[in-house]
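Below are the chains, spelled out letter by letter.
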Amino acid sequence: MADNEIDTAGRTSGNGKGTTSAARNRSAARRSAPASGTSEAAMKKQIAELKREVSRLNRMLSDQAEETAHGWYQSAADQASNLYSGATGRASRAARQLRSQAHSVSETVQHNPGTFSTAVALGGAVGVLVGLALARSSQPEPDWFHRWHR
């Protein structure tokens, strides 16, 4: 047995004091009631402190997340603006080039109407000839098609 354990007769063993276990339990209960009240108050105070600290950390994290998100948004907006301005510049250059080419073709047609009409007629004739050649080289109609149209 340990030094402070109580044997079955109610006497303490090992320390030599003659107190009974009931008396010791009563005095311990009287001492622990105020002690437990103070420790409970201390724990409540610590819990309140921890809650304040957690809410402060949450605010700090949300502020950081907001700053990061704002930075990402600003970066994406800048990149989109740069891409848009680059695309706008390229599109306007392409439009100017197409306009100048269309203008030169228009001038050529206006100055040489016979040449243009001859080119269109030749293009049409070549297209018709290519179509006929493709139609002749295609496979003949299947045999079952002829059975129905006799």
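Everything numeric in this text was worked out from a predicted model, so none of it was measured.

A word on the overall build of the protein chain. Helices and strands together make up the secondary structure of the protein chain, namely 3 helices and 0 strands. The N-to-C order of helical and strand elements in the protein chain reads α-α-α. Here the protein chain holds 150 residues, and 1% of them are scored as buried. When the accessible area of the protein chain is evaluated, it comes to approximately 13,200 Å², of which 61% is carbon and sulfur surface.

Another point: a nonpolar patch on the surface. On the surface, a cluster of nonpolar side chains totalling about 280 Å² of accessible area is made up of Val126, Val130 and Leu134. Mapped onto the elements, Val126 comes out in helix 2 (residues 113-137). Residue classification places Val126 among the partly exposed positions, given a relative accessible area of 48%.

The subject of this paragraph is a positive patch on the surface. A cluster of basic residues, Arg90, Arg93, Arg96 and Arg99, forms a positive patch at the surface. For Arg99, a relative accessible area of 56% puts it in the exposed group.

Per-residue confidence for the protein chain gives a mean pLDDT of 79; residues scoring 70 or more make up 68%. The secondary structure element of the protein chain with the lowest average pLDDT is helix 3 (residues 143-148), at 64, and the one with the highest is helix 2, at 89. Note on residues 5-13: pLDDT is under 50 here. Beyond four places in sequence and across chains, it has 18 contacts.

Okay, the pattern of salt bridges next. It is possible for side chains of opposite charge to pair when their charged atoms get near one another. A full pass over the atoms with the stated rule returns 2 salt bridges. For Glu53, the salt bridge goes to Arg56, with nearest N and O atoms at 2.5 Å. Separated by 3 residues within a single helix, Glu53 and Arg56 lie in helix 1 (residues 21-111), roughly one turn from each other. Note on Glu53: relative accessible area 35%, which makes it partly exposed. Residue classification places Arg56 among the partly exposed residues on the basis of a relative accessible area of 38%.

About the criteria used
Residues numbered from 1 in each chain as written. Predicted model: local features only at pLDDT ≥ 70, side-chain atom pairs only at ≥ 80, totals over all residues. Heavy atoms only, no water. Helix = DSSP H or I, 4+ residues; strand = E, 2+ residues; numbered from the N terminus. Buried < 20%, exposed > 50% of the residue type's maximum accessible area, 1.4 Å probe, protein only. Areas by Shrake-Rupley, 256 points an atom, 1.4 Å probe, with all protein chains shown as cover. Patch = residues over 30% accessible without salt bridge, like charges linked within 9 Å, V, L, I, M, F, W, Y side chains within 5 Å. Salt bridge = Lys/Arg side-chain N within 4 Å of Asp/Glu carboxyl O. Lys, Arg positive; Asp, Glu negative; His and termini not counted. Charge placed at Lys NZ, Arg CZ, Asp CG, Glu CD. pLDDT = per-residue confidence, 0-100. Contact = heavy atoms within 4.5 Å.

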